[in-house]
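Coordinate inspection notes
Residues per chain are reported as follows:
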Amino acid sequence: MTSQTMMSLLQLTVHEEIQDLEVFDAYGTMIGKVVGPYKLLSRVMLSCRAYGGHPPPVVRWMDGDRILETSSAQHYSAQSPSERGEAVRVVDVTLHLPGLQRKDNGRDIKCVASNTNLTQEKVRVVTIDMYLPPLEVTVDGLDAPLRAGIEAILMCRSVGSLPTATLSWRLHGSSSLMPLPAQSSLDQNTTIGRGRLLPTPRDNGRALTCTASNPKVKEYSLNSTHTLQVLFAPEVSVRLAPALDPDNIWEKADVYFECVIQANPKETRVIWLHEGRELRGDSDDAMMADHVLVQGQNLVLQRVTRHAQGRYQCRVTNTIDTVTSSATTLNVMFAPECKKPRNETVSVTPNEEVKLNCLVEANPPDVTFVWKINSSRGVKELDSSSYSSRSRSSTLVYRPSTHAHGTDHYGVVFCLGSNKAGKQRLPCMFVISPAGPPEKPKSCTLVNQSPTSLVVTCQPGHDGGLDQHFIATVEDAATRRVVANVTSTSPDLTVEGLAPGRDYLVKVTAVNQKGRSSPFTLEGFALKVAENKINNSSSGESSSLLVMFIAVVVGFVFILTILALATRARLRHRRGHPEVNVDKNKLSTGDEAPLSPSTNASLDEIGDGEMLHTPESHTGPLETLEITAQTPESPVSCSSRTYVPVPTGSSTLPRPQSQMNPRPQPLHSVDLPHVTSNNHKYYTLKINCTRQNNESFV
């Protein structure tokens, strides 16, 4: 019997557990649980190495459950840290963190290595540690202004520094601040420091700084700077302007006082005192100086007198207090000083004599004078016999050929005076120059213009030491052609014979024996002839209108007069009654003619189309008579409306034939109807005039 043999081939796979898992930094240093500390924006590189294990492990960097991006795994053999001498397979995965932020501080990241589910994975967790700068620095206790001499407690607070910040105080230029020990909060995130400040007026406006610094990183610091506001009473002093020498102030000089004020809040009032009396700049101060100007912190005494001597103070007020300064004394000296302008130019010929008057102001008035000549050859003092002096003046009769220094006939002649108060500091100088061309005329203006003429007036300049005359040259502005030349010894020149309506350039030049000045040029024009015609035409037209107006008024008055006389004569003839005053609405006896009680309006107000509403009198209705007339002298036609009473019981009045068909006729030919009544009568005449040719009349 034959037996069979069965053979089975089995493959045995052995899973080997990962031996070790380590984390290294960029420098190859093994890292424990904490990596760092790092600064902000630092780049971090961490390497996770898995030793041994079969199959080869998979290594990942994770942040919680999120897998972080890493570089490709590297496989190599190396000695295992736990089993010395034995080389094992190593899987190395590197993590790069580009720039750390404040939020990365305390962040946990882990390296996980696993090869099969039959073995337990390896995990290594590391925490990132960082140095952080302060986030905020604040100073409390400066919300309101401080008061000088009253102590204030200030508090500086720093937040966000890791490790906790160190605090330092600084008050620039002052030692009034005393720091107190700093304190840290329990969360190690906040630092509080206090300081004691006793402010002075000098501290106002100074900068107070609290600085929070990271003790591990010097550049991690943050400042909080505040400008102190310290309230204090005015600190006042009076001083002369720096340019003045208090021991050398002369009468007639200008003196400036300044009230130096340091005050917070700002001063509200400044008062100046002289010998305890308030200065107001009014007439009471006129004896001190020509002008006393009180301008806040400044006191100006213009051209002081000896009465300005004494003690000066300023009194200053603010909301804290009122303070008066200590006194500053002003002493006024009275040495000679030039009375008129110190520099004067005199032009002469070599053999011409000229009087040089040196006038000074001085007290005492006994002044000793010295005359000197300064030329290119040096300074020469004149003999006292060549000039005469009296009190505050001295006169030198100067002739260049006689008094000159050698052949140099011209230069500067000056005088100096002295008295018991001192010597004159600045000489009165006369610049002796040779006679030469005159100066250019000044301030030339056109004072009159007509169609054919121009009038120019100027202010003469220096004549150069010689007689001068003036020339006005007129050029056509368009062609530059000279059209006129006028010469005069006076700077007032009249140019005639110009073409009307043209623009001209007028050049005025001064001339003497030595030459001529540069011209003064101004633009002018001649009036156009049309402008005069317009003026004449306007005058003629106005005269014509005036004559026409007067004629219309005279005609109108004439018509009224004739009408009134005719009406009065007719009534006297028809009625045989005493004269009725039509114009005044009165009878001859002086009684007032009453108005009709049934009349609702003035008869003068009734128009042409209102005949149905004829007014009534005491005896009945009034009838209207229309009369039209035109004077031969005037083109104005006028019509008159006459109301006459109608007898009771009669509906109408008999009308003349002319009234049945109205036509123009002279006013004096109007025939009024004969009406008899024992009652008063009321008459109203209304005249309507029509303009024929747009005349104007009243």
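Refer to the structure presented above.
The residue numbering used here restarts from 1 in each chain and proceeds along that chain's sequence as written. Thresholds applied to this predicted model are a pLDDT of at least 70 for local features of residues and 80 or more for the giving and counting of side-chain atom pairs; totals over whole chains, interfaces and linings are not thresholded and use all residues. The basis for the side-chain values is all heavy atoms of the structure; hydrogens and waters are excluded.

Quick look at the sheet that holds strand β6 (residues 74-79) now. Any two strands are treated as partners once DSSP identifies two or more bridges connecting them. Labels follow the DSSP assignment, with helices taken as runs of H or I lasting at least four residues and strands as runs of E lasting at least two, numbered in each case from the N terminus. Reading across from one edge, β1-β3-β7-β6 is the order of the 4 strands in this open sheet, with antiparallel pairing throughout. In this open sheet, the two edge strands, each paired with only one partner strand, are β1 (20-24) and β6. Direction aside, the axes of adjacent strands within the sheet are offset by 30° on average. Bridge analysis of β6 against strand β7 (residues 87-97) gives 6 bridges, and the strand direction is antiparallel. Within β7, the position partnered with His 75 by the bridge is Val 91. Lines fitted to C-alpha atoms define the axes here, with helix axes fitted over just the stretch in contact, and angles between the N-to-C directions of these axes take values from 0 to 180 degrees.

Count a disulfide wherever a pair of cysteine sulfur atoms falls within 2.5 Å. What the rule picks out here adds up to 6 disulfides. Covalently, Cys 156 is tied to Cys 210 through a disulfide, its sulfur atoms 1.8 Å apart. Judged by the torsion about the S-S bond (-90°), the Cys 156/Cys 210 disulfide is left-handed. Placement of Cys 156 in strand β12 (residues 152-159) and of Cys 210 in strand β17 (residues 207-213) is noted, with a sequence separation of 54 residues between them. There is no split in this pair, since Cys 156 and Cys 210 are both buried. Here Cys 338 connects covalently by a disulfide to Cys 428, the sulfurs 1.8 Å from one another. Its S-S torsion of approximately -130° makes the covalent link between Cys 338 and Cys 428 left-handed. Highlighted residues: Cys 338 in strand β28 (residues 337-338) and Cys 428 in strand β37 (residues 428-434), separated in sequence by 90 residues. Exposure classes here rest on a 1.4 Å probe applied to the protein chains alone. A residue is buried below 20% of its type maximum, exposed above 50%, and partly exposed in between.

Remark: the centre distance and the inter-plane angle together describe each pair of aromatic rings, the angle taken between the planes. Aromatic rings from Phe, Tyr and Trp, with only the six-membered ring used for Trp, were paired whenever their centres fell within 6.5 Å, and each pair was classed as stacked if the ring planes differed by under 30 degrees, edge-to-face if by over 60, and tilted otherwise. Following the criterion strictly, the structure yields 4 aromatic pairs and no others. On the numbers, 4.5 Å between centres and 25° between planes, the contact of Phe 257 with Tyr 312 is stacked. You can see Phe 257 sitting in strand β20 (residues 255-264) and its partner Tyr 312 sitting in strand β25 (residues 310-317), a full 55 residues away along the chain. Looking at Tyr 312, the relative accessible area reads 0%, which means it is buried. A ring pair is formed by Trp 371 and Tyr 387, whose centres lie 6.3 Å apart and whose planes are at 50°; its orientation type is tilted. Placement of Trp 371 in strand β31 (residues 368-375) and of Tyr 387 in strand β33 (residues 387-390) is noted, with a sequence separation of 16 residues between them. The pair Trp 371 / Tyr 387 is uniform in exposure class, with both members buried.

As a further point, take the side chain of Ser 394. Structurally, the position occupied by Ser 394 is in strand β34 (residues 393-398). We define a polar contact as two N or O atoms separated by no more than 3.5 Å, with the added condition that, inside protein, one atom must be a possible hydrogen donor and the other a possible acceptor, whereas residues neighbouring each other in sequence contribute only through side-chain atom pairs. Polar side-chain contacts of Ser 394 include one of 3.3 Å to the backbone oxygen of Ser 388.

Glancing now at unusual backbone geometry. Of note, the bond from Gly 36 into Pro 37 is cis; its omega dihedral lies within 30 degrees of zero at 0°. With respect to the helices and strands, the residue Pro 37 is situated in strand β2 (residues 34-38). Residue Pro 55 follows His 54 across a cis peptide bond; omega there is 0°. Mapping Pro 55 onto the fold places it in the loop between β3 (44-51) and β4 (58-63). One non-glycine residue, Arg 480, lies in the positive phi region at around 60°. Positionally, Arg 480 belongs in the loop between β40 (469-476) and β41 (482-488). By relative accessible area, which is 51% here, Arg 480 ends up exposed.

Note on definitions: salt bridges are taken to be side-chain nitrogens of Lys or Arg within 4 Å of carboxyl oxygens of Asp or Glu. Across all of its chains, the model carries 17 salt bridges by this definition. In this structure, Glu 278 and Arg 280 form a salt bridge, with 3.5 Å as the shortest nitrogen-oxygen distance. What makes Glu 278 partly exposed here is its relative accessible area of 27%. Under the relative-accessibility criterion, Arg 280 is labelled exposed at 58%. Two residues, Glu 475 and Lys 507, come together in a salt bridge whose shortest N-O distance is 3.5 Å. On the criterion of sequence distance, the pair formed by Glu 475 in strand β40 and Lys 507 in strand β43 (residues 503-512) is long-range, its members being 32 residues apart.

One finds Leu 46, Val 59, Trp 61 and Ile 109 to be the most contacted residues of the largest nonpolar core, which totals 25 residues. At the level of secondary structure, the elements contributing two or more residues to this core comprise β1, β2, β3, β4, β7, β8 (108-114) and β9 (122-130). Here, nonpolar core refers to any group of buried Ala, Val, Leu, Ile, Met, Phe, Trp, Tyr and Cys residues whose side-chain atoms link them within 4.5 Å. If you look at the next biggest cluster of nonpolar residues, it comprises 23 residues, including Leu 240, Phe 257, Val 304 and Tyr 312.

Take the sheet that holds strand β39 (residues 453-459) next. Across the sheet, 3 strands lie side by side as β38-β39-β42; this open sheet has antiparallel pairing. Both edges of this open sheet fall to β38 (442-450) and β42 (492-495), since each of them pairs with a single strand only. Ignoring strand direction, the axes of neighbouring strands in this sheet form an average angle of 20°. Bridge count for β39 against β42 is 4 bridges, and the pairing is antiparallel. By the bridge assignment, Val 456 is partnered in β42 with Leu 493.

The two faces of a sheet get side chains in turn, since along a regular strand they alternate between them. Side-chain alternation along strand β30 (residues 354-361) places Val 354, Leu 356, Cys 358 and Val 360 on a buried face and Lys 355, Asn 357, Leu 359 and Glu 361 on a face that remains uncovered. The pairing of β28 with β30 spans 2 bridges and is classified as antiparallel. Along β30, the bridge assignment pairs Cys 338 with Val 360. Examined bridge by bridge, β30 and β34 share 6 bridges and lie antiparallel to one another.

A few words on the environment of Asp 104. Residue position: Asp 104 is located in the loop between β7 and β8. When its relative accessible area of 8% is taken as the criterion, Asp 104 is described as buried. We call two residues contacting when some pair of their heavy atoms lies within 4.5 Å. For Asp 104, the contacting residues outside a window of four places in its chain are Gly 99, Ile 128 and Met 130. A polar contact of 2.8 Å, which involves the side chain of Asp 104, links it to the backbone nitrogen of Gln 101.

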